[in-house]
Amino acid sequence: MEGSDTYLIRPNHQYKFKPAIVKECIREIVRERLSGMRYDPEEVPELCRSLGECVKDKVKSSGFDKYKLVVQVVIGEQRGQGVKMSSRCLWDADTDNYAEDIFLNDSLFCMVAVFGSYYY
């Protein structure tokens, strides 16, 4: 068909946000960067920023370029305490999704969440 519209309001199945792939990206980067690291409150703000950028770049390169990505990184000192976190979003349940992963060692904990919202 010549002159047909190419505007898509839904992503093809192969381009949908896939939490399993994103979780693996998160896990790979966090394990590589934080294994053996000790908690240092002076380094945490920059570490959170750099981890967030690294995760965002890796997820973007996985083929989710039609998605707005929001990456949340939380790092805290591990002292045996419990931590509860929650998030709220307004999104399209057919196209938008999220992935998260948690890393723990003797000194620190790290939670990374990636939210993918489809660009219409």
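Residues numbered from 1 in each chain as written. Predicted model: local features only at pLDDT ≥ 70, side-chain atom pairs only at ≥ 80, totals over all residues. Heavy atoms only, no water.

**Focus: the overall build of the protein**
Phase 1: Along the protein, the regular secondary structure elements total 2 helices and 3 strands.
Phase 2: Moving toward the C terminus, one meets the helices and strands of the protein in the order α-α-β-β-β.
Phase 3: Each of the three principal axes of the protein carries a C-alpha extent, and together these read 65 × 25 × 20 Å.
Phase 4: Counting every atom, the protein has about 8,100 Å² of accessible surface; 50% of that belongs to carbon and sulfur.
Phase 5: Of the side-chain charges in the protein, 17 are positive and 19 negative, and the distance between the mean point of each set is 4 Å. (Helix = DSSP H or I, 4+ residues; strand = E, 2+ residues; numbered from the N terminus. Areas by Shrake-Rupley, 256 points an atom, 1.4 Å probe, with all protein chains shown as cover. Lys, Arg positive; Asp, Glu negative; His and termini not counted. Charge placed at Lys NZ, Arg CZ, Asp CG, Glu CD.)

**A word on the state of the cysteines**
Phase 1: Summed over all chains, the structure comprises 0 disulfides.
Phase 2: For the unlinked cysteine Cys25, the closest cysteine sulfur is that of Cys54, found at 10 Å.
Phase 3: In this structure Cys54 comes out as partly exposed when scored by relative accessible area, which is 32%. (Disulfide = S-S within 2.5 Å. Buried < 20%, exposed > 50% of the residue type's maximum accessible area, 1.4 Å probe, protein only.)

**What about empty space enclosed by the protein?**
Phase 1: As enumerated under the stated definition, the model contains 1 cavity of 30 Å³ or more in all.
Phase 2: By volume, the largest cavity is sized at about 30 Å³.
Phase 3: The wall of the largest cavity is formed by Met37, Arg38, Tyr39, Asp40, Glu43, Val44, Leu47, Ile75 and Leu108.
Phase 4: In the lining of the largest cavity, the residues fall into 6 nonpolar, no polar and 3 charged. (1 Å grid on protein atoms, 1.4 Å probe; cavity = no way out; pocket = protein on both sides within 12 Å on 5 of 7 lines; lining within 4 Å. Points joined across faces, edges and corners; volume = space filled by probe spheres on them. Nonpolar A, V, L, I, M, F, W, Y, C, P; charged D, E, K, R; others polar.)

**Digging into helix H1 (residues 19–34)**
Phase 1: Helix length check: H1 (16 residues) gives 22 Å between terminal C-alpha atoms against 22 Å at 1.5 Å per residue, within 8%.
Phase 2: Looking at the buried residues of H1, the elements they touch are helix H2 (44–60), strand S2 (97–104) and strand S3 (108–118).
Phase 3: Of the residues flanking the end of H1, it is Gly36, one or two places downstream, whose phi is positive at about 80 degrees. (Expected span 1.5 Å × (residues − 1). Contact = heavy atoms within 4.5 Å.)

**Remarks on the layout of surface pockets**
Phase 1: Looking at the largest pocket, its volume works out to about 380 Å³.
Phase 2: Lining the largest pocket are 18 residues, with Met85, Ser86, Glu100, Ile102 and Met111 sitting closest to its centre.
Phase 3: Looking at the lining of the largest pocket, the elements that each hand over two or more residues are S2 and S3.
Phase 4: In the lining of the largest pocket, the residues fall into 11 nonpolar, 6 polar and 1 charged.

**Here we look at the pattern of salt bridges**
Phase 1: As enumerated under the stated definition, the model contains 6 salt bridges in all.
Phase 2: Where Asp101 meets Arg31, a salt bridge forms, and the shortest distance between an N and an O atom there is 3.7 Å. Remark: Arg31 occurs in helix H1 and Asp101 occurs in strand S2; sequence separation between them is 70 residues.
Phase 3: Arg31 gets classed as partly exposed once you look at its relative accessible area, which sits at 29%.
Phase 4: We note a salt bridge from Glu46 to Arg49, for which the minimum N-O separation is 3.4 Å. Remark: Arg49 and Glu46 occur in helix H2; sequence separation between them is 3 residues, near one turn of the helix.
Phase 5: Connected through shared salt-bridge partners, Arg27, Arg31 and Asp101 make up one network. (Salt bridge = Lys/Arg side-chain N within 4 Å of Asp/Glu carboxyl O.)

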